[in-house]
Amino acid sequence: MGFYRLILAVLVALGHMGIMFFGVDLGYGVVAVISFLIISGFVMTALIDKNYEEISRIPAFFADRAMRLYPQFIFYLVLSSVLIYTALSDSPVHEAITPINLLSTVAMVPLGLYMFGFSDPNIIPQAWSLGLEMCFYLVIPFILIYRARLVLFYGSIVVFTLAFFGYIHSDWFGYRLLPGVLFIFLCGSFMKRGSASERFSVIAAWCVALTGCILIATGYAAWRPYNLQVAAGIVIGIPMIMLLSRIPYHRADEFLGNISYGVFLNHFLIIYAGKALGVSKISAELAVLYVASAFVLSGISYYLAERPVLVLRKKLRAKSAPSVSTPTLQRSGL
């Protein structure tokens, strides 16, 4: 799934650059985030099943996730903070550079709760979704170990449906907070390993999302933030990940997956650098340059910040799965 993850990261970047297709804002960045959630559910289930399926191993799982997310995140947090503080002092984003906010940003979970005032995500704005991911990481080991997936799946669909129709905040509970999107993560989990009823639930979620798209398109449901994009993301993401999960490993795909996280993290750094140089509007041609720069910078951050930590992650996993080979760990995309 490495190539697909890179495409998703590029779509998120283009969405934040304000690039539209034929003058229409399709919200493809939101659609891409939904696929990221499904992938996360898939790979976390694989990781826990292989290495951390006992209660005693949960702290090691949390350490594994921290070693995956933090090296490049801290790398770009430092670069972005220095750039904002020194070159964007007249910009509203400068207000995010405070000791308290830097601490809440490093904690990462508060980024996913920014709507309640727990953080200002403007240093790395897209990192709010990492806060959501962290919330998922905190609960998924217990969900798997205590076999609570199915009941929580349908409970989450109820929350999402209420948000979809505007009975509760559609943006918060239908896109950004775990109660409303947990079922999306669990779709990926069921695709990796699930009973007949759990696999049927994936189809049910796809049908619910498709019905939502049809209701909005025909005017029977209002277009609320971001109910159409989330529903479309489910409709597109589930079959894509079903297909891609069956494609054999290839080294080129692994490389593309390795740089996808950096592209996701660094594109606002590049946007801020452009603003510091006086760029007020990003053209399609400039966006190509920005994305190319994101690729190069991501390759640098991967080899400087993340790759050295891989050794520690492999040792951590080897304690519970000593027979797992290095190529298998790399192919997992975790």
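Rules of the game
Residues numbered from 1 in each chain as written. Predicted model: local features only at pLDDT ≥ 70, side-chain atom pairs only at ≥ 80, totals over all residues. Heavy atoms only, no water. Helix = DSSP H or I, 4+ residues; strand = E, 2+ residues; numbered from the N terminus. Expected span 1.5 Å × (residues − 1). Buried < 20%, exposed > 50% of the residue type's maximum accessible area, 1.4 Å probe, protein only. Phe/Tyr/Trp six-rings, centres within 6.5 Å; stacked < 30°, edge-to-face > 60°. Lys NZ or Arg CZ within 6 Å of the ring centre and 35° of its normal. Axes fitted to C-alpha atoms, helices over the stretch in contact; angles between N-to-C directions. Parallel < 35°, antiparallel > 145°, perpendicular 65-115°, else oblique. Left-handed = near helix turned anticlockwise from the far one by under 90°. Contact = heavy atoms within 4.5 Å. Patch = residues over 30% accessible without salt bridge, like charges linked within 9 Å, V, L, I, M, F, W, Y side chains within 5 Å. Areas by Shrake-Rupley, 256 points an atom, 1.4 Å probe, with all protein chains shown as cover. Salt bridge = Lys/Arg side-chain N within 4 Å of Asp/Glu carboxyl O. Nonpolar A, V, L, I, M, F, W, Y, C, P; charged D, E, K, R; others polar.

Quick look at helix α2 (residues 28–51) now. Taking 1.5 Å of rise per residue, 24 residues should cover 34 Å, and α2 covers 34 Å from first to last C-alpha, within 8% of that figure. Within α2, 21 of the 24 residues are buried, which leaves the element mostly enclosed by the surrounding structure.

The full count for this structure, using the stated rule, is 19 aromatic pairs. For the pair F268 and Y272, a centre-to-centre distance of 5.5 Å together with 50 degrees between the ring planes defines the contact as tilted. With a gap of four residues between them, F268 and Y272 both fall in helix α11 (residues 251–276), about one helical turn apart. Among the aromatic residues, those joined into a ring-pair cluster are F153, Y154, F160, F164, F165, F183 and F190. One Lys or Arg, R68, reaches over the ring of Y261 and ends 4.8 Å from the middle of that ring.

A few words on the packing of helix α8 (residues 178–192) against helix α9 (residues 196–217). In a packed pair of helices, the relevant descriptors are the angle between the two axes and the axis-to-axis distance. Contact geometry for α8 and α9: axes closest at 9 Å, N-to-C directions at 135 degrees. The pairing of α8 with α9 is recorded here as oblique in orientation. Classified by chirality, the crossing of α9 by α8 is left-handed. Together, F183, C187, F190, M191 and K192 of α8 and E198, R199, S201, V202 and A205 of α9 make up the contact between the two elements.

Attention now goes to a nonpolar patch on the surface. Together, I74, V78, V82 and V106 line one region of the surface with nonpolar side chains, adding up to about 290 Å² of accessible area. Within the secondary structure layout, V78 lies in helix α3 (residues 58–87). On the accessibility criterion, V78 (47% relative accessible area) is partly exposed.

Next up on the list: the pattern of salt bridges. For side chains of opposite charge, pairing can occur when their charged atoms come near one another. As enumerated under the stated definition, the model contains seven salt bridges in all. One salt bridge in this structure joins R193 and D49, with 2.8 Å as the shortest N-O distance. Linking R193 in the loop between α8 and α9 with D49 in helix α2, this pair joins segments that are 144 residues apart in sequence. Residue classification places R193 among the partly exposed positions, given a relative accessible area of 33%. We classify D49 as partly exposed; its relative accessible area is 27%. One continuous salt-bridge network, built from bridges that share partners, spans D64, R65, R313 and R317.

This next bit is on the environment of E254. Here E254 lies in helix α11. Residue E254 is classed as buried on the basis of its relative accessible area of 14%.

On to the packing of α2 against α3. Axis separation between α2 and α3 bottoms out at 11 Å; the angle between their running directions is 135 degrees. By the criterion of interaxial angle, the relationship of α2 to α3 is oblique. The element α2 and its partner α3 pack so that their crossing is right-handed. On α3, the residues that touch M44, L47 and I48 of α2 are F61, D64 and R65. In terms of residue class, the contact of α2 with α3 is built from four nonpolar, no polar and two charged.

Another point: the environment of M67. In this fold, M67 is placed in helix α3. Sequence spacing of M67 and L310 is 243 residues, and the spatial spacing of their C-alpha atoms is 8.0 Å. Those residues in contact with M67 that lie beyond four places of it in its chain are V309, L312, R313 and L316.

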